[in-house]
Amino acid sequence: MPIIKKGEWVSDEWISVDDETDLPVEGDVLVSLTRYQENAAALTARAGKLGVRLEASEPPEAIADVVGSFDLITVDFPAFKDGRGYSYARLLRERFGYTGELRAVGNVLRDQLSLMWRCGFDAFHVNQSITPEVFAESIGELSIAYQPTGVTKDTVMNARHK
Amino acid sequence: MAQHSNKLAKIQAVTANRLLDGHVVYFTAEGQWSDWVDDVVLADGKEEADALLAKALPSVETRHIVDPYLFEVDQEDGKMVPKSVREKIRMAGPTIRLDLGKQAAVRS
Amino acid sequence: MYRYDQFDHKLVTERVNQFRGQVSRRMSGEMTEDEFKPLRLMNGVYLQLHAYMLRVAVPYGTLSSVQMHKLADIATKYDKGYGHFTTRQNLQYNWPALEDLPKILDELAEVEMHAIQTSGNCIRNVTADQYAGAAADEIDDPRIWSEIIRQWSTFHPEFTFLPRKFKFAVTGCSNDRAAIRVHDIGIELVRGKDGDVAFDIHVGGGQGRTPMIAKLIGEAISREDLLAYLEATLRVYNMSGRRDHLYKSRIKILVHDIGAEEMKRLVEEEFALVKKQGVLQLPQEEVDRIRAYFAAPDFETLDAECPELDAAMASNKRFAAWVNTNTAQHKQAGYTIANISLKPIGGVAGDASDAQMHVVADVAEKYSFSEIRVTHEQNLVLAHVKKSDLLALWETLEANGMGTPNLGLITDQIVCPGLDYCALANARSIPIGQEITERFADLDRQHNIGELKLKISGCINACGHHHVGHIGILGVDKKGTEYYQVTLGGSADEITSVGKIVGRAFTEHEIVDAIETIVEVYLDLRESPDERFLDAYRRVGIAPFKEKLYADN
Ligand code: HEM
Ligand code: SF4
């Protein structure tokens, strides 16, 4: 499945490692939160970038103080109706100050992209039908927002009371 | 929507709602969907019923209907009569507005 | 009332186009029904028994005459000439075709209306006291704050896939006409320390399978903190509410499971952090901007007394009865609040024909500054009518089947659509309501019985508020046959209570007699005609009713 990042298809260079497999010597690795918590020191000391996978049941408070260690955080949407990940994204971006890639994975569908985008996700694990054109269309459907969330600084409120 | 399925049901037929207007439709012997309950094809017993429902499923793919399911039918004087109140109301229309729904339409 | 500015317009128009795209992707097969369903629900589209249903939002129940005319026109053009006003102050059309929906939404957008978030697991249309801006007892106009909440909650990207639906109600005073304690969040306007308007936030009320009364979590929250406090509450719910079971995912279950104290702690912890970020502070300019839309209309200076009205009442008994039951005290001398009953004897509670909608729009224009309210008890209100206009108003209403003098009486019921329309129903509600109104049609008898709130739901989802009816009726299904369970002693005002089940359920043929028996027992045991049904019930309990109802067993 392709990844759309900041509106473009990108190839996924990350090596997703499960909890039982040894870490590769080289390359950028993506590990579970459990594995990170058990091996934080070794993982951070490694050459190559580090990413962490958050499941829907793993609120990001666990990594609040160490978000700077990661270049990628993935948040899983086990079902598109499970909206916990939206809150996680906002916390990571707005409260913990995470600036790396924030990727939505799992059941990521066209009609949720703009919500995810507005909460601070900038990368999306999507199916083939979501081309960069479709992505742009989806993100552009609502051009202004009432709420200050994620990347949205252009709110209706600000526009009204400039 | 569990209340209209009955494990002990004997004679059953398949109904659904049409995608475009949401109206109630019934699965016929020709594999078509009719507005009228009298056109239903009947299935006797669980095996036949499951087979019938399986035959109706492709219409979901072709976007003709949504949510097909089995319901129990009796035949009275050669007319098809659903057993549950729910299906009787679906077949006819709101009981408090006899001017609306299928009960108000004349079959052409 | 509130008028859209360029931004509101733009968003509603863009939303219609977005939905048009979603419908066309469904029709072309790009989307499955499973994917489409939550999207259509988020725009108020259900699939009922006979057809689709469209739920149009009437934010905090306020409508202009122009909007009401439009609702009537849509009923004529795309539906079957009527609409249903609901307990959530919305309007439902029962027969629209899927392909017509984008066109209907275009027409609604022309008059600043929409179906946004009228269903789905998001923040739903905010409801409010129908006497807003007219009641003598209010601290501030709840519509101002409801509009602010409406905007904050509209397309909120974080709270679009909550564990379950989320309903707000706002009341402007301690007399609760908006049933705030049976909402996910109920807000009561209070006076803060500085004398400014502040907000008591009640969290975790609800009906459905497990009725619960909301707990006071936030006390006297200030104007600038309101949205931050709400955002904090919603975030706690979004992250911690259960998602494993449909019936356990409302916020009421979370509050119940962890306790009100712990909920308060979590919310306050989160609130402190949201507040620190500072971006959600509600600026005074924005409040002022919105407040200006709800400024009092140009009232005339009038005498409190109106001899013409007194004379008309003396000579027309039915009119006098209507004035007595259907009007309420206005804060402005010489004006009154007029309730339009959508509960004619034998009618469908809350239904109005296209012609009736036009009539209401016209009388509102003529007598009440072109503004109409929808009530959670499924009636309509003209909030600012001169006493001297009441007779003319009532005569028009009466001639069009909307002049029934029964507000708050046994024939003024809340009734859900039930098995006549609803795909989730166990039993029919409407015909039971109709039969009861016919049994108690005699006005003198109804007035003698006095205030009695009867509420009917066709299944445990409780859309008809049966848990909080003085008498509640719940439809249940026993092997494909309809039965009706009766509860007594519920109430949805400032002393909210959940009704108790009186005993085994009744058949369709027994239920009306059972209701009559209950009423007879009450009439026998009340201490005086001033003792309402609910007061009498609270004094004597359920036993005398039970005894009489099941005497033969
Ligand atoms: C006809 C289609 C309808 C469907 C499918 C439907 C569905 C539901 C469901 C599933 C619930 C239970 C939610 C829960 O307990 O979590 C519910 C509750 C409720 N509905 Fe409906 N409803 C319908 C119509 C209405 C109408 C017409 C009204 C207004 C008259 C309404 C107002 C309410 C209210 C006030 C509640 C209870 C309050 C609460 O949410 O706890 N619904 N509805
Ligand atoms: S209470 Fe039940 S029957 Fe009535 S409208 Fe709600 S879901 Fe339908």
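Criteria and thresholds
Residues numbered from 1 in each chain as written. Chains lettered and ligands numbered in written order. Predicted model: local features only at pLDDT ≥ 70, side-chain atom pairs only at ≥ 80, totals over all residues. Heavy atoms only, no water. Near = heavy atom within 4 Å. Polar contact = N/O pair within 3.5 Å; in protein donor to acceptor, adjacent residues only side chain to side chain. Nonpolar A, V, L, I, M, F, W, Y, C, P; charged D, E, K, R; others polar. Contact = heavy atoms within 4.5 Å. Buried area = accessible area lost by both parts, 1.4 Å probe. Salt bridge = Lys/Arg side-chain N within 4 Å of Asp/Glu carboxyl O. Helix = DSSP H or I, 4+ residues; strand = E, 2+ residues; numbered from the N terminus. Buried < 20%, exposed > 50% of the residue type's maximum accessible area, 1.4 Å probe, protein only. Domains from an automatic or database assignment. Donors = N, O, S within 2.8 Å, 3.2 Å for Na, K, Ca; no water.

### Considerations on the site of ligand 1
Residues and elements named next belong to chain C. In the vicinity of ligand 1, 22 residues are found, and the nearest of them are Q48, K165, K167, R250 and C463. Within the contact set of ligand 1, an oxygen atom lies 2.9 Å away from a backbone nitrogen or oxygen of Q207. Here the shell around ligand 1 is composed, by residue class, of seven nonpolar, nine polar and six charged.

### Some words on the interface of chain A and chain C
Every contact between the two is made by 34 residues of chain A and, on the other side, 45 residues of chain C. Taking both sides of the interface into account, the surface hidden between chain A and chain C amounts to around 3,500 Å²; carbon and sulfur atoms contribute 59%. Considering only the surface of chain A that becomes buried against chain C, R95, Y146 and R160 of chain A emerge as the three largest contributors, covering 20% of it. Note that E270 of chain C and R95 of chain A form a salt bridge whose closest N and O atoms lie 2.7 Å from each other. Across the contact surface, chain A and chain C share 24 residue pairs in polar contact (both at pLDDT 80 or more). Among the elements of the structure, helix 2 (84-95), helix 3 (113-119) and helix 5 (156-160) of chain A are those that each provide at least two residues to the side of chain A that touches chain C. Take the side of chain A that touches chain C: its biggest share by element is eight residues, from helix 2 of chain A. By residue class, the composition of the side of chain A that touches chain C is 15 nonpolar, seven polar and 12 charged.

### Overview of the pattern of salt bridges
Scanning the model with the defined rule gives 72 salt bridges over all chains in all. We note a salt bridge from E377 of chain C to K455 of chain C, for which the minimum N-O separation is 3.9 Å. With a gap of 78 residues between them, E377 of chain C in the loop between strand 14 (371-374) and strand 15 (380-386) and K455 of chain C in strand 17 (residues 454-457) connect regions that are remote in the sequence. For the pair shown, E377 of chain C and K455 of chain C are each scored as buried. Taken together, the salt bridges that share partners define one network made up of R90, E94 and R95 of chain A together with E158, E231, R235 and E270 of chain C.

### A few points about the side chain of H467 of chain C
Residues and elements named next belong to chain C. Secondary-structure assignment places H467 in the loop between strand 17 and strand 18 (471-478). In this structure H467 comes out as buried when scored by relative accessible area, which is 9%. Among the polar contacts made by the side chain of H467, one reaches the main-chain carbonyl oxygen of G208 at a distance of 2.6 Å. Among residues more than four places away in sequence, those in contact with H467 are Q207, G208, P211, I460, A462, G490, S497, V498 and G499.

### Some words on the domain arrangement of chain C
Residue and element names in this part refer to chain C. According to the domain assignment, chain C contains domain 1 (6-110), domain 2 (133-293), domain 3 (307-399) and domain 4 (414-549). Relative to domain 4, the C-alpha centre of domain 3 lies at a distance of 26 Å. Contact residues are listed per partner, giving 12 residues for domain 3 and 14 residues for domain 4. Connecting domain 3 to domain 4 are three salt bridges. The closest approach of N and O atoms between E377 and K453, which form a salt bridge, is 3.0 Å. At the junction of domain 3 with domain 4, the criterion picks out five residue pairs in polar contact (both at pLDDT 80 or more). Taken together, the residues of the side of domain 3 that touches domain 4 sort by class into four nonpolar, five polar and three charged.

### What about the coordination of the iron atom of ligand 1?
One donor from the polypeptide reaches the iron atom of ligand 1: C463 of chain C (SG), at 2.2 Å. By secondary structure assignment, the location of C463 of chain C is in the loop between strand 17 and strand 18.

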